[in-house]
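Architecture and fold: a report
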Amino acid sequence: MSTTQSSDDVRSKEDRLRSYLKGKAQDGEMYFKSKFIADEVGLSPKEIGALMVKLKENTIELEIEKWSYTSATTWRVEPA
């Protein structure tokens, strides 16, 4: 049994996070720390952090920016 994640599993997590962010940012910009949305999205803070980097590079519907690094990264997200 392999311990690596399938690309479908990673894509599913990425899609879930993208949908969540689009819904939350539909009325304007939002700021968040991964640890505070982890339960709502069903992902660990570490998974969210890794996926945010991918979404920042690959998502045209959202503008994503690392905002602050104190104690945990704060992300700024707004509709593109």
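Scroll up to find the structure.
1. Remarks on the side chain of Ser-34
Looking at the secondary structure, you find Ser-34 in helix H2 (residues 34-41). Judged by its relative accessible area of 9%, Ser-34 is buried. Look past the residues within four positions of Ser-34 in its chain and what remains in contact with it is Pro-45, Ile-48, Gly-49, Thr-73 and Trp-75.

2. Comments concerning the pattern of salt bridges
Tallying each qualifying case throughout the model produces nine salt bridges. Across the pair Lys-13 and Glu-47 runs a salt bridge whose closest N-O atoms are separated by 2.5 Å. Linking Lys-13 in helix H1 (residues 7-24) with Glu-47 in helix H3 (residues 45-58), this pair joins segments that are 34 residues apart in sequence. Take Glu-47: its relative accessible area is 24%, and that puts it in the partly exposed class. Close ionic contact of Lys-24 with Glu-40 constitutes a salt bridge, the shortest N to O distance being 3.9 Å. A residue pair is termed long-range when its members are at least 10 positions apart, and Lys-24 in helix H1 and Glu-40 in helix H2 qualify at 16 residues. Connected through salt bridges with shared partners, the residues Arg-11, Glu-14, Asp-15 and Arg-18 form a single ionic network.

3. Section: the nonpolar core
Side chains that are nonpolar tend, in soluble globular proteins, to be buried together. Of all hydrophobic cores here, the largest spans 19 residues; its most connected members are Leu-17, Leu-21, Phe-32, Ile-48, Met-52 and Val-77. Put simply, the parts of the chain that give this core at least two residues each are H1, strand E1 (30-33), H2, H3, strand E2 (62-68) and strand E3 (74-79).

4. Thoughts on H3
With 14 residues, H3 extends 20 Å between its outermost C-alpha atoms, agreeing within 8% with the 20 Å of an ideal straight helix rising 1.5 Å per residue. Among the residues of H3, Ile-48, Leu-51, Met-52 and Leu-55 are the ones counted as buried. Down the axis of H3, the buried side of the element spans an arc of 120°, and every buried residue falls inside it. Those residues of H3 that are exposed and angled more than 90 degrees off the buried face are Lys-46 and Glu-57. The secondary structure elements touched by the buried residues of H3 are H1, E1, H2, E2 and E3.

Analysis parameters
- Residues numbered from 1 in each chain as written.
- Predicted model: local features only at pLDDT ≥ 70, side-chain atom pairs only at ≥ 80, totals over all residues.
- Heavy atoms only, no water.
- Helix = DSSP H or I, 4+ residues; strand = E, 2+ residues; numbered from the N terminus.
- Buried < 20%, exposed > 50% of the residue type's maximum accessible area, 1.4 Å probe, protein only.
- Contact = heavy atoms within 4.5 Å.
- Salt bridge = Lys/Arg side-chain N within 4 Å of Asp/Glu carboxyl O.
- Core = buried A, V, L, I, M, F, W, Y, C linked by side-chain atoms within 4.5 Å.
- Expected span 1.5 Å × (residues − 1).
- Arc of directions from axis to C-beta.

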